[in-house]
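Structural overview
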2 protein chains.
Amino acid sequence: MAESNNNSPATEAARVIEGKNVYFFGGGQADGDGTFRELLGGKGANLAEMSRIGLPVPAGFTISTEVCTYYYDNGRTLPATLDDEVKENLGKIEETMGKKFGDVNNPLLLSVRSGARDSMPGMMDTILNLGINDEVVAGLAAKTGNERFAYDSYRRFLQMYGEVVMGVEQYEDEHHDPFEAIIDAACEKRGVAVDTGLTGEDLKGIVEAFKALIKERTGNDFPQDPMTQLWGAVKAVFTSWNNDRAKVYRRKYGIPAEWGTAVNVQAMVFGNSGQTSGTGVAFTRDPASGENVFYGEYLVDAQGEDVVAGVRTPKPVAEMVNDLPKSYEELLEVRQKLENHFKDVQDLEFTVEDGKLYILQTRNGKRTGLAAVHIAIDMVNEGLIQKEDAIRRIPAEDLEHMLAPIFDAKAEREANKIGKGLPAGPGAACGRIYFHAPDAVAAAARGEKVVLTRVETSPEDLRGMIAAEGILTSRGGVSSHAALVARQMGKICVCGAAEVEIDYANATVKAGGVTIKEGEYISINGTTGDIYAGEIKTAPSRVVQGLIQGDAEAMSHDDYKKFAQLISWADELRKLNVRTNSDSPEQVKNAIAFGAEGIGLTRTEHMFFEGDRIDAVREMILADSENARREAVAKLLPYQKEDFVGIFTALEGRPGTIRLLDPPLHEFLPHTKEQQLDLANKMGIQVEEIMRRVAELHEFNPMLGHRGCRLGIVFPEITEMQARAILEAAAEVDGAKPEIMVPLVGFKKELDLQKEVIDTVAGEVREKYGLTEDQLAYTVGTMIEVPRAALTANEIAETAEFFSFGTNDLTQTCLGMSRDDAGGFLNEYQEQEIVTTNPFASLDQTGVGQLVEMGVEKGRSTRPGLKVGICGEHGGDPNSVKFCHKAGLDYVSCSPFRIPIAKLAAAQAALAEKEGK
Amino acid sequence: MAESNNNSPATEAARVIEGKNVYFFGGGQADGDGTFRELLGGKGANLAEMSRIGLPVPAGFTISTEVCTYYYDNGRTLPATLDDEVKENLGKIEETMGKKFGDVNNPLLLSVRSGARDSMPGMMDTILNLGINDEVVAGLAAKTGNERFAYDSYRRFLQMYGEVVMGVEQYEDEHHDPFEAIIDAACEKRGVAVDTGLTGEDLKGIVEAFKALIKERTGNDFPQDPMTQLWGAVKAVFTSWNNDRAKVYRRKYGIPAEWGTAVNVQAMVFGNSGQTSGTGVAFTRDPASGENVFYGEYLVDAQGEDVVAGVRTPKPVAEMVNDLPKSYEELLEVRQKLENHFKDVQDLEFTVEDGKLYILQTRNGKRTGLAAVHIAIDMVNEGLIQKEDAIRRIPAEDLEHMLAPIFDAKAEREANKIGKGLPAGPGAACGRIYFHAPDAVAAAARGEKVVLTRVETSPEDLRGMIAAEGILTSRGGVSSHAALVARQMGKICVCGAAEVEIDYANATVKAGGVTIKEGEYISINGTTGDIYAGEIKTAPSRVVQGLIQGDAEAMSHDDYKKFAQLISWADELRKLNVRTNSDSPEQVKNAIAFGAEGIGLTRTEHMFFEGDRIDAVREMILADSENARREAVAKLLPYQKEDFVGIFTALEGRPGTIRLLDPPLHEFLPHTKEQQLDLANKMGIQVEEIMRRVAELHEFNPMLGHRGCRLGIVFPEITEMQARAILEAAAEVDGAKPEIMVPLVGFKKELDLQKEVIDTVAGEVREKYGLTEDQLAYTVGTMIEVPRAALTANEIAETAEFFSFGTNDLTQTCLGMSRDDAGGFLNEYQEQEIVTTNPFASLDQTGVGQLVEMGVEKGRSTRPGLKVGICGEHGGDPNSVKFCHKAGLDYVSCSPFRIPIAKLAAAQAALAEKEGK
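Residues numbered from 1 in each chain as written. Chains lettered and ligands numbered in written order. Predicted model: local features only at pLDDT ≥ 70, side-chain atom pairs only at ≥ 80, totals over all residues. Heavy atoms only, no water.

We count it as follows: UniProt positions are given in the numbering used here, feature names are shortened, and annotations may be inferred rather than shown by experiment.
Chain A appears in an unreviewed UniProt entry as Pyruvate, phosphate dikinase from Sulfuriroseicoccus oceanibius. Entered under Function (unreviewed entry) in the UniProt record, the comment concerning chain A runs "Catalyzes the reversible phosphorylation of pyruvate and phosphate."

1. Quick notes on the sheet that holds strand β13 (residues 356-364) of chain B
Residues and elements named next belong to chain B. Note the cut-off: Pairing between two strands requires that DSSP report at least two bridges joining them. Secondary structure counts use DSSP, requiring at least four H or I residues in a row for a helix and at least two E residues in a row for a strand, with both numbered from the N terminus. Whether two residues touch is decided by their heavy atoms; if any such pair falls within 4.5 Å, the residues are in contact. Note on geometry: axes are lines fitted to C-alpha atoms, helical ones only across the stretch in contact, with angles between N-to-C directions running from 0 to 180 degrees.
With antiparallel pairing, the 5 strands of this open sheet are ordered in space as β11-β10-β9-β12-β13. In this open sheet, the two edge strands, each paired with only one partner strand, are β11 (315-316) and β13. Direction of pairing for strand β9 (residues 278-283) relative to strand β12 (residues 346-353): antiparallel, over a ladder of 6 bridges. Each bridged residue has a counterpart across the sheet, and for Val281 the counterpart in β12 is Glu349. Relative to β13, helix α13 (residues 325-342) is tilted by about 30 degrees, and along the sheet it contacts β12 and β13.

2. Focus: unusual backbone geometry
Residue and element names in this part refer to chain B. To keep things clear, this is the line we draw: Each residue is assigned to one of three classes by its accessible area relative to the maximum for its type, calculated with a 1.4 Å probe on protein chains only: buried under 20%, partly exposed between the two thresholds, exposed over 50%.
Unusually for a residue other than glycine, Asp301 sits at a positive phi of about 50 degrees. Relative to the elements of secondary structure, Asp301 occurs in the loop between β10 (295-300) and α11 (304-308). Since its relative accessible area comes to 27%, Asp301 is described here as partly exposed. With phi around 55 degrees, Ala507 is a residue other than glycine that occupies positive phi space.

3. Comments concerning the relation of the copies chain B and chain A
Filter applied, for reference: Overlaid copies result from least-squares superposition on C-alpha atoms, with residues included only where pLDDT is at least 70 in both.
Screw-axis analysis of chain B against chain A gives a translation of 0.1 Å along the axis, an RMSD of 0.2 Å, and a rotation angle of 179 degrees. Here the copies are linked by what is in effect a two-fold axis. For chain B, the smallest separation between a C-alpha atom and the rotation axis is recorded for B:Asn701, amounting to 2.2 Å. Both copies present the same face, since 100% of the interface residues in chain B are matched by interface residues at the equivalent positions in chain A.

4. Some details on the interface of chain B and chain A
The line we're drawing: The buried area of a pairing is the accessible area, by a 1.4 Å probe, that goes missing from both parts when the two are put together, added over both. Criterion for a salt bridge: a side-chain nitrogen of Lys or Arg within 4 Å of a carboxyl oxygen of Asp or Glu. Side-chain atoms alone can form a polar contact between residues adjacent in sequence; in general such a contact is a pair of N or O atoms within 3.5 Å, and within protein one must be able to donate a hydrogen while the other accepts it. Side-chain classes follow a simple rule in which Ala, Val, Leu, Ile, Met, Phe, Trp, Tyr, Cys and Pro form the nonpolar group, Asp, Glu, Lys and Arg form the charged group, and the remainder, Gly included, forms the polar group.
Between chain B and chain A, the contact holds 46 residues from the first and 46 residues from the second. Both sides together, the interface formed by chain B and chain A hides about 4200 Å², and carbon and sulfur atoms give 60% of it. Area buried by chain B at its contact with chain A is led by B:Asn701, B:Leu704 and B:Asp821, which between them contribute 14% of it. B:Arg788 is paired through a salt bridge with A:Asp844; the nearest N and O atoms lie 2.6 Å apart. Our count for the chain B to chain A interface comes out at 24 residue pairs in polar contact (both at pLDDT 80 or more). Elements supplying a minimum of two residues to the side of chain B that touches chain A: α29 (709-714), α31 (748-769), α32 (787-791), α34 (807-815), α35 (823-831) and α36 (848-862) of chain B. Across the side of chain B that touches chain A, the residue classes break down as 21 nonpolar, 13 polar and 12 charged.

5. Some points on the pairing of strand β3 (residues 60-63) of chain A
Residues and elements named next belong to chain A. The alternating pattern of β3 places Gly60 and Thr62 on one face and Phe61 and Ile63 on the opposite face, and all of these are buried. In this sheet, strand β8 (residues 261-267) lies alongside β3 in antiparallel orientation, the contact comprising 4 bridges. Of the residues in β8, the one forming a bridge with Gly60 is Gln266.

6. Topic: the packing of aromatic side chains
Residues and elements named next belong to chain A. We apply this condition: Any Phe, Tyr or Trp ring, taking Trp's six-membered ring, that has another such ring centre within 6.5 Å forms a pair; planes under 30 degrees apart are called stacked, those over 60 apart edge-to-face, and the others tilted.
Within the structure shown, the criterion is met by 30 aromatic pairs over all chains. Here the aromatic rings of Phe608 and Phe668 are separated by 5.6 Å at their centres, their planes lie at 45 degrees, and the arrangement is tilted. In this pair, Phe608 sits in the loop between β28 (599-603) and α25 (613-622) while Phe668 sits in the loop between β29 (655-659) and α27 (673-683), placing the two residues 60 residues apart along the sequence. The exposure class of Phe608 is buried, given its relative accessible area of 1%.

7. Details of the sheet that holds strand β1 (residues 22-26) of chain B
Sheet strands pair by backbone hydrogen bonding; their relative direction is either parallel or antiparallel. Residues and elements named next belong to chain B. With respect to topology, 6 strands assemble into an open sheet ordered β2-β1-β3-β8-β6-β7, the strand pairing being antiparallel. At either end of the open sheet lies a strand with only one pairing partner, and these are β2 (29-30) and β7 (126-130). Note: β1 against strand β3 (residues 60-63), 4 bridges, orientation antiparallel. Across the sheet, the residue bridging to Val22 is Ile63, located in β3. Helix-sheet contacts for helix α4 (residues 82-97) involve β1, β3, β6 (110-116) and β8 (261-267), and the interaxial angle to β1 is about 5 degrees.

8. Focus on the pattern of salt bridges
Under the counting rule described, the total for this entry stands at 140 salt bridges over all chains. Put simply, A:Lys326 and A:Glu330 hold a salt bridge, and the shortest N to O gap is 3.0 Å. Note that A:Lys326 and A:Glu330 are positioned in helix α13 (residues 325-342) at a spacing of 4 residues, about one turn of the helix. Among the residues examined, A:Lys326 registers a relative accessible area of 54% and is labelled exposed. For the salt bridge of B:Arg629 with B:Glu717, the shortest nitrogen-to-oxygen distance reads 2.6 Å. A residue pair is termed long-range when its members are at least 10 positions apart, and B:Arg629 in helix α26 (residues 626-651) and B:Glu717 in helix α30 (residues 716-732) qualify at 88 residues. The residues B:Arg629 and B:Glu717 share a single accessibility class, namely buried. Ionic contacts of the salt-bridge type, sharing partners, join the residues A:Glu605, A:Arg659, A:Asp662, A:Arg707 and A:Asp809 into one network.

9. Quick notes on the side chain of A:Thr782
Residue and element names in this part refer to chain A. Its location among the elements puts Thr782 in strand β31 (residues 779-784). Given the relative accessible area of 0%, Thr782 is considered buried. A polar contact is formed between the side chain of Thr782 and the backbone oxygen of Val742, at a distance of 2.8 Å. Once residues within four sequence positions are removed from consideration, Thr782 is found in contact with Met741, Val742, Val745, Leu751, Ile796, Ala800, Phe802, Phe803 and Ser804.

10. Thoughts on the side chain of A:Asn129
Secondary-structure assignment places A:Asn129 in strand β7 (residues 126-130). When neighbours within four sequence positions are excluded, A:Asn129 is seen to be in contact with A:Leu109, A:Leu110, A:Ser153, A:Arg156, A:Phe157, A:Met268, A:Phe270 and A:Gln303.

11. Examining the packing of helix α23 (residues 558-573) of chain B against helix α38 (residues 899-914) of chain B
All names here are of chain B. Just so we agree on the cut-off: Comment on the angle field: the value is read as roughly parallel under 35 degrees, roughly antiparallel over 145, roughly perpendicular from 65 to 115, and oblique elsewhere. Here a crossing is called left-handed whenever its near helix is offset anticlockwise from the far helix by less than a right angle, and right-handed whenever the offset is clockwise.
Packing of α23 against α38 leaves a shortest axis separation of 8 Å and a crossing angle of 45 degrees. By the criterion of interaxial angle, the relationship of α23 to α38 is oblique. For the element pair α23 and α38, the recorded crossing hand is left-handed. Touching Phe563, Leu566, Ile567, Ala570, Asp571 and Leu573 of α23 are Pro900, Lys903, Leu904, Ala907, Ala910 and Leu911, all from α38. Looking at the contact of α23 with α38 residue by residue, the class counts come to 10 nonpolar, no polar and 2 charged.

The following block contains the structure:
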C-alpha cells in the first residue's frame, strides 16, 4: 500500500497523533490515509484514502483500534476523552453533509460499522440508519415527502439495534427471527410476497410492533436519544470483535485477537429513497474467474444489506446503464480511478441517493485462487504492477485451487444437468446434500462429502460451509454472503440458482424435474454454474494435465500458461530448493513434473506392503535368531533394490534422500485373530507364536518406542540390507546421488554405529562393481526429529553429512502431543486460542521453531555448510516454508502437489528478506 | 590425592613429559607419582607413589593410558618409539633387581597387569611369570635349587599366556577348562587332591602337555623369546580393555571407554618359593563393617592369584605373626605409613619372598556403604581428615545400604540357622537359590528374588551377581572375588562358608543337616555371616527405626549416630533444599522424619483409587454433560479436601506443592470385560456405554495424549474442584503453604486459563472463610515436562510463580523415548555404549540437562528469583542432584528414602562448587 501512495511517504507511527482516538474523513480530505490500516482498520483507512483522492465518500469518522484494545483492557469501558472527540467530529460530519444529528427537520442518519486491519466480512455487527427516533422519523417523512422510506428506515434500524445492541434473540421454539415474523405477518395481512409491497402505514404498525417486541424481550425501552443510540452501537461493534463467528474466522485466517477492530461512523445515504436511488456492490474485475470485466450487482430502491444478504436477487451491474445511466458512467470512472490508485482489484460498495453517486467503501477484493493468479499475471502484463508484486500478492496456499480436480469432460457431458446458477467459486464438487450447517458438519465428521445446499447462507452457516466440499444456493447474487465466503475460502460454489427449488421442510431439492433427497448426491461446477444430479467422475485440473501428462490442449489453456509463468518467476526469485516426499518411481516422476529438485524423503517401509513383500517382512519380524532374520531380510533385498533403481532412474541425476526403516515392527504384523490365523497357515507355524510376538511387540507409546534407528541398532542386518539395496541400485544407475538418512537419531553414537554399517556395505558394493569412492559416492545424514537431536546437533553433525528436520515427530515430542490423539482437545485449544493454528499443519515457530533454529546453528558450528532441509508435512505449508527460509535451510520437501505452493512461498520469503522483513 | 602429597605441588599436566610413554618406578624413586592417575592408571600412580615414599615395591614401569588410546585409534598398533622406551626401562628394572630378563642363570621374571584410572578389579587380563621359557626354567630351577617352584611358575605362565594372549578356550562340549583338566588328570594319577601335592617331575609333564595343548588349539607354538612374550602380553592387556566383562563393569560404574588402561610391567617376586615365602592381601581397616582393625588374609608358599581366586581358603592376616613374624611386623608398619600418607583405607597386596617383604600394590580400599560411613566419621574423629573430606568421600548412593532392611530380630532368633560364613557384605537377604549366573539372571527377570550360591565366583558370574539379592560362597576369603565385588556393589554377601556343601550336579545345598534345592529359599545375614534355611521376616534398618519410629535402642546404635552426624554435616554444607514426593499424610510424616523440607510433588490422582472414591471418579468420566460431570466431581471434593487437610497438618508449616489431575482419564476405567460388567451393574447403566467410553478414550500414545492440564482446559470443573479442596483445606490448617502445580503446560495460555479458574475459586474460598489475601495465600506454578515449556519458559514464567522440572516426562519427550517401552532396546543401548547410564535413572545432562538450564535461565529472565525445583525421579539420584545444584535450582524433590542421599549429594555439589569444580 505504501508503495502505491507516494504522496504520503511518512510512516504511520510518525503521523499518528498522540492521544487522538477519532479520525475524520469526507469532503475531499481526511485525518488518516490508506496506510493507517493498523490504527483505523482496512475500511477506515480506505475511506480516508478514498476521500483524499476525491471519491464521493459520505463524510464520517473512524474510532481507532486502540480504543478497542482499551475497551477490552479496561473492563469494557471507553476512554474518558472519547466523548468530546466524537462530538467534535460529529459536528464536522454535520457541516460537510449539511444535515444535523437528531434534528427533526433535517436529520443526519449514521451507519456504524466494524473494520479490522484485515477484512472479516459479515463477522462483526453493523448498525444502519442510526439517529432515527419517533420524532425524527416524522420529520424525515415530511422533509423527503416519502413516509414509506422514513418508516422503512426506522424499522430497519429498530431491527438491527434490537438484535445487535439490545440483544433480542430468536427463542429456541421459534421458527423465525421474531422481527421477520412481524414483517411476514404484515405481508400476509397485506397480501404481498415481500416487504416492498407494504405501505407506509403498514410500516408504522411494524415500527410500533418492533418497539413493543424490544421492550418485551429485553425489559428496556428502545432509546429515543440519538447520542445514546450512537454509544450503544459503538460498544456493540467492539463487543462483536469477540463473538463466536469472529473467533472462528480469526482462527481460520490466523488473525490475532490483539489487533482489535476500529469503528466507522459515517453519514447514511439512502439507496432506498425511490426509483432514482439504488445500491450495489462491485468488483473492478471478476473475483471468481479473474477476467478483466466490471463485475457486480445492484438493486434499485434498496439499502446495501439487501444486496449482500441475498434476500432479493440483484441485477448485474451492467444493467445500471438502463436504470441509472448517469451514475453508471460515474461508476465506470471510479472503477478506473480505483485500480490506477490501488493497483489491485477493488471491491466497492456504492449507493445512489436521488441520482447522486456515493462510494461507501472500497477494499482489495477477495478472489479465488484461480482469479488471484489470472489477475496478478494480467496486471503485470498491463504494466500496472511488477512481477515481484504478483509473487507477493498471490496467497501461496491458493495455488491449490488451480491443482484441484475438475469434472471429467466426457462424464460431465453425459451427466444429468438439472439447472444452472452463478459461478461463484470455480472447481468441481460432488457431495451429499445437507441443508443445515450442523448436519453438514456432522456428515463431514463421518467422512462424507457434503454439498451444503441452502436458499441463502448467513454467517451462522460458516462452520457448515467450512465442512462442505461445495456450496449451492438458490437465492443471492455473486456478491451474496455465500459467494463472498466461498470465494475467500476457495470453496466451490454455485449461487443464486433460482430454478432450483429447495424445500427445507421435506428436505428435498427439486430441479429439472428431478427430486434429490437429503443425503443423496449432487454435483456442481463452480466454474460454469452448472448443476447435476448424482456423482460425476473427476479429472485432473488443466494445470495438472499439462504438467503431468504434457497434454497439449491443457498446456495451451490460459490457466496452465499463467500458472507456468508464475512458477517461473518464483523459480527466479526463490533461494530455497524444493524437493519432494515420494516413495515410488511413479510418484517421483510426477513430483519432478511438478518441479521437484530432488527427493527430500523416501519412506522405504512404504514399499514393504506391496505384493508378496509383506510375507518376507513378517518372516523377518517373526525370526527367532539373527540367522533366521538374515535369511528373511535377504529375500527383501531384490525388491528394495528394484525400487531404488526405479527411483534413481526417475530422478535423472537429482539427489535422493532415502530414509532407513522407521516404524515399529508391530505395524507390519496382522492384529485381528483372522489375519493372524491366515498368516500362521501361510507360514506353517502356530498362531500362538504370532500372537505371542504381536503381544511382545505391543508398546504403550509406539511413537516413542522401538522404532527409527533403534531398529537398525538392535537389528543391524536390516540396515545392512537396506544400505546394500540403495548402493547397488546407485551403482547400476548413472548419476544416482544417494543420501542415506538414519531416522530418529538422538545420540551421535547411534549415527556412528549405523554409518559404520553403511560404510562397510559401501566398501563391499564398490568392490563388487569395481567402482572407486568417487564413482560410487553417497552421503549419510539424519532426521532431526527428537528435541535431543536439535540440542546436541553440534555433536551429531560431526558424523552427519546432512540434516533433515522431521517436523511431524519433532512437533509431537516438543509439544508432548500425539497427532493421533490430539483430536480430543485440539479443537478446544483452537476455540480457546491456546494455539492459533494446528501445529501439525503449520509449524509452531515459537516452540518447535526454536529447535529448528538451534539445530541449524549448532549443526553448522561443527560442520560449516552442513546441508539442511525439512521433510515434515510443514514443508508444504507456506508460513512454515517462509520460516524455513529465515532459518537458513537449504531446501524444503513436500508432497508433489504442494511443490508449486512451496516454491511460491519460498519466492515470497526471498522477497520479504530483500525488503528487510 | 594432591592434598595428601604436599611434596609434589605441580599439576600432572605440567609434569607429563612430552612424547614419554613409559614411566619407571622402584628403588625408592619413580618417574611419576600418585597424582598421575589419568596417565598411569590408579595402580601405576600408586606404585610410583609407594616407591617415592620408600615402600619396598618390586621395580617396574608403566606404559601410559595414552598408548591405549593410540592402540585403539590406530587399528590396534603401538607407537613406533615404544620399543626403545620399553627396552631402556627394562634395563633399569634389571639393574634395580639385580636380575636379567631372559637370562638363564639369573632370570628376571615379569608381571604384566592392567590399571585403569579407576580400579576395575578382575575385569581385565593379567599375566604373571613372564620371561620363562624352556631354557630359563631349567636355569631357574638350578639357581633356586627348587625344580618344583620353577616348573610350577612355568606352567602357571603357560596357562595364563595360553588363555589370555593366544586365545585357548574351553570348547562347548568340555566340562572343564582344558588346562585345569590336564592338572586334574595329573593329580588323579599322582593320587593327590590339589596341585600342591604334585612333584617337579609331574609339573614338567604338565608343562609339555600345556605347550602341546596351545599348539593344538591355536596352531601356533608358544613363543620362547621373552621379548615376544612381553609384547604379546602388553597387547593382550590393551585388548582386554574392551572385553565383555570390562564393558559391563564400565557401564555399571559409568566409566568412559575413552579413559583406556595403562599397563604395569613389574619384576615378579615369588610368594611360592617355599615355606619362608607367602602372599596376601590386606585392608588397613575392615572394608565390610568399617571397624578400625587390620584386616586381610594370606597363604604361605603361594602366588597372589591363589588368594584372590578363592581356590584355597587363606588364613586371616593376624596369623602371620606365627608363620612369618618378621614380615608381619614390617607389614604393620606399612599399614600405618599408608594410612598416614594416603589418609584413606588402603587395599594392599604383599608378597614375602624368602623372608623379604614386598608391597605389590596399594589403592584406596573399596568398602561397603556401611563401612564408608563408619570409616569416614572415625577418620574425622581421629583427626586424619576434615568433615568436608568425609562428605566428599562417601558415595551418596551408598547411604541406601544403611537404610536397607535388616532381619527382624525375633524372626532371626527363631529361624533355622544352618551355618555361618565370613560376613563380606552387610545386610539381610532372602531369596531362591540359583547356582549359575544365567539362571540367576533369568529368575530375577521373572521377578524372583535370588541368592546366587556358588562354591566360588569368578568374573564370569558378574551378571548373575548383579541380578541377585545376595551372594553365598562356600570357598574363598573376604578378599575373594565374591567378597570384593559384593562389597563394591553393595550386595549382601556371606563367603567362604566351608560347612555349606554345594552340589552343582544335584542342584542342592546341604548344611546343618538341611538340604535346600535350587529354587527354594535361603536367608543370609551379611553383617554376621549367619545362614538360614527358608525366608526370614525383615525389619527396618537401625537408621530407619531411629528416624521413623524414634526407637531409643536404634538411636543409641553407632550406625544411627554416625548416619545422623553425617547428615547434620551435609545440612550445614548444602545449598539445595530437599523436598519429598509424597501422596499421603503418612508418607509426608515419614519424609519429614527423613529430613524433608516440604513437598515437591503430591500426585492428587493417587488418592482417586482409595476406597469408594474410584466410583465417583468413574461417574465423572462417564458423565455425558457438564452438569452430570459437575455432580460427580462434587462427590470427590470432601475426599480430596480431607487428604489435603491431612497433608498440610503433617507438613507443619512447610510448603507443599500439589499437582492437579495428570493422567489420562482411561487409566481410571476398567479394561477387562468382567470389570466393565461389574461397573455397569454398580452404576445401573449398559455395559456398552462403558465399552464405548473406554474405546473413545483409547489413545495411541497416551503419554502424549489428553492428560495434564489438557484435562483441566477441557473440563475446568475438575480443576475447580481440586482448587477448592486444596484451598479450603489450607483455610482450615494453620500455616498451610499451598503451591498449586498445573501439569504438562506447553503454552503460557494454558496456565493463564487454569490460573484464572484457581484464582476465581480462591476468591470464593476467602469469602466463605472470611480470610484476606494474606491470610489465605497460595502460589500457582507449573511442571516443566515438555520441551516446549523449557523453550518458552520466559513466556510461561510471566504467569508461573514457580517451576518444577518433571524430568521423567521431559526425558521421554526430549529423547522421544517411552520409559515403558524402552526395555526393547535400552539394554542394547547400554551394551553398545550409546548411553552410559539409564537416562530415566540418572539425568541425561547433555540433552535433557540443556532444557533444564534453558528453563531456569529463561524463566528467571522474566521473573527474577523464580523458585525452581525438580520432582522427577532424578531428584534422588546423586549425579542428577549435583547437576541441579549447578543449574541453580532451589530444591530437589524425591521419595522419602532418597532424601538423605539427595542431601549428601547436595552437600558434595556445594563443596565441589567451592573448590571451583
